[in-house]
Amino acid sequence: MERLQKVLAQAGIASRRKCEEIISSGRVQVNGTVVKELGVKVDPKADVILVDGKPIKNEQTLYLLLHKPKGVITSAKDTKGRKVVSDYLPGIKERVYPVGRLDYDTEGLLILTNDGEFAYLMTHPRHHVPRTYRATVEGTPHGSVLEKLAKGIKLEDGMTAPAIVDYHDVNPEKKETVISITIFEGRNRQVRRMFEAVHYPVIRLKRVQFGPLHLGTLARGKFRHLTPQEVEELRKAALEAESPAAAADESQSVQKKN
Ligand code: URA
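Only a predicted model underlies this, so the values are computations on that prediction, with no experimental measurement involved. The residue numbers shown here count from 1 along each chain, following its written sequence. Reporting of local features is limited, given that this is a predicted model, to residues whose pLDDT is at least 70; pairs of side-chain atoms are given and counted only at 80 or more, and all residues count toward the totals for whole chains, interfaces and linings. Only heavy atoms go into the side-chain values, all of them from the structure, while hydrogens and water stay out.

**Some words on the nonpolar core**
The set of buried Ala, Val, Leu, Ile, Met, Phe, Trp, Tyr and Cys residues whose side-chain atoms join them within 4.5 Å is what this entry labels a nonpolar core. Relative accessibility decides the category of a residue: with a 1.4 Å probe and only protein chains considered, values under 20% of the type maximum give buried, values over 50% give exposed, and everything between is partly exposed. One finds L112, V165, I181, V191 and F195 to be the most contacted residues of the largest nonpolar core, which totals 32 residues. Segments assigned H or I by DSSP are reported as helices when at least four residues long, segments assigned E as strands when at least two residues long, and all are numbered from the N terminus. Per element, the largest residue contribution to this core is four residues, and it comes from helix α4 (residues 143-151). Residues are treated as being in contact if the distance between any of their heavy atoms lies within 4.5 Å. Ignoring any residue separated from it by four or fewer positions in sequence, one finds V165 in contact with L146, L149, A150, I179, S180 and I181. Counting 18 residues, the second-largest nonpolar core is a separate cluster that includes V99, F118, A119 and F210.

Below you can see the structure in the form of structure tokens.
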């Protein structure tokens, strides 16, 4: 038996918190009875659970790691007929959603899941899950440029949080440098915009790590299932990385609401 809000979140309805609101507002029925209290336990295999009159999907939760190639959209569908990440998941019948996004031109580690709560936990800004990229830039930026990026840099949507930035591969003959950059936020096109701001536009971008999870040797365009241990470690990392100030803010706003 599991708590109703957890079952709804796992069925991909919304985050656990949002599911609590959905329950409280009387939109959920269990075996024909509207349930408004939180904490009611249900058996997702035996009980008939409806949200807004529609049965929830009783799917197995899936957690996948895809090595996204460049030139692929991080979305389930594309109206312009371009390749999308689901084209790279043969045999997966469940609807899985990307955990965050990678740009069309970015390759590398992308997690996909049908567990809405897990996706929310991984991507919520409050959890600061570190993401590590290899950014190939033209020329060789000076160490002071990397320091600037590491300290925080002004972008049009505000200062970036401190990051970890270092040389990964310097090859003067090739006239390009691979920089390793770990950021603790997930703003749109953040890494590309950071390097543009210091006048070293990114030529190639690859995500190699998300929290404790490494891309490893997974071939480009291939996917694998995460192990239960990897899923657990990701969850743990997100909860441990949570900033105490943000957590306090959130709990205060919850108290105010209640
Ligand atoms: N930063 C970017 O600029 N692009 C991505 O795809 C991910 C992070």
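**Looking at the confidence of the model for the chain**
Looking at any residue, its pLDDT shows the predictor's confidence there, from 0 to 100. In this model, the chain carries a mean pLDDT of 90, and residues with pLDDT of at least 70 account for 93%. Confidence over residues 244-258 falls short of pLDDT 50; this stretch has eight contacts with residues more than four positions distant or in other chains.

**Concerning the domain arrangement of the chain**
Reports of interface size often rely on the accessible area that becomes lost once the parts have come together. An automatic or database domain assignment supplies the start and end points of every domain. Along its sequence, the chain is organised into domain 1 (2-55) and domain 2 (59-248). Inter-centroid distance (C-alpha atoms) of domain 1 to domain 2 is 32 Å. At the interface, eight residues of domain 1 touch six residues of domain 2. Of the roughly 540 Å² buried between domain 1 and domain 2 on both sides combined, carbon and sulfur atoms contribute 49%. By convention, the term buried area covers the 1.4 Å-probe accessible surface removed from two parts as they join, with the contributions of both added. Interface area lost by domain 1 to domain 2 is led by Q10, S15 and R16, which between them contribute 64%. Salt-bridge detection follows one rule: a side-chain nitrogen of Lys or Arg within 4 Å of a carboxyl oxygen of Asp or Glu. At the junction of domain 1 and domain 2, the tally comes to one salt bridge. Two residues, E117 and R16, come together in a salt bridge whose shortest N-O distance is 2.7 Å. Think of a polar contact as two N or O atoms within 3.5 Å of one another; within protein, one of them needs to be a possible hydrogen donor and the other a possible acceptor, and neighboring residues in sequence only count if both atoms come from side chains. Our count for the contact surface shared by domain 1 and domain 2 stands at two residue pairs in polar contact (both at pLDDT 80 or more). Looking at the side of domain 1 that touches domain 2 element by element, the count peaks at three residues for helix α1 (residues 4-10). Taken together, the residues of the side of domain 1 that touches domain 2 break down into three nonpolar, three polar and two charged. In this classification, the charged set is Asp, Glu, Lys and Arg, the nonpolar set is Ala, Val, Leu, Ile, Met, Phe, Trp, Tyr, Cys and Pro, and all remaining amino acids, among them Gly, are polar.

**Some details on the site of the ligand**
For each residue, the test is whether any non-hydrogen atom lies within 4 Å of the molecule or strand; if one does, the residue is near. Every residue close to the ligand is listed here: L102, D103, T106, Y133, R189, Q190, V191, R192 and L205. Note that an oxygen atom of the ligand is positioned 3.3 Å from one of the backbone N or O atoms of R189. Q190 places a main-chain nitrogen or oxygen 3.4 Å from an oxygen atom of the ligand. Using a 1.4 Å probe, accessible areas were evaluated by the Shrake-Rupley method; residue-level cover was limited to the displayed protein chains. Coverage of the ligand by the protein amounts to 96% of the 240 Å² it exposes when considered alone. If one sorts the elements of the shell around the ligand by residue count, helix α5 (residues 190-197) sits on top with three residues. Across the shell around the ligand, the residue classes break down as four nonpolar, two polar and three charged.

**Examining the environment of K175**
Structurally, K175 can be placed in the loop between β13 (164-171) and β14 (176-183). Those residues in contact with K175 that sit more than four places away from it in its chain are E138 and G139.

**Section: helix α3 (residues 116-123)**
Within the span of α3, buried status applies to E117, F118, A119, L121 and M122. The N-cap residue of α3 is D115: its side-chain oxygen and the backbone nitrogen of E117 are 3.1 Å apart.

**Focus on the sheet that holds strand β6 (residues 54-55)**
Being paired, for any two strands, means DSSP has found at least two bridges between them. Spatially, β3-β2-β5-β6 is the arrangement adopted by the four strands of the open sheet, whose pairing is antiparallel. Both edges of this open sheet fall to β3 (33-34) and β6, since each of them pairs with a single strand only. Note: strand β2 (residues 28-30) against strand β5 (residues 49-51), three bridges, orientation antiparallel. The residue of β5 that forms the bridge with Q29 is L50.

**Considering the environment of V84**
With respect to the element layout, V84 can be found in the loop between β7 (63-68) and β8 (97-98). As for V84 and A150, which are separated by 66 residues in sequence, their C-alpha atoms are 32 Å apart. Not counting residues up to four positions away in its chain, the partners in contact with V84 are V72, I73, S75, A76, K77 and D78.

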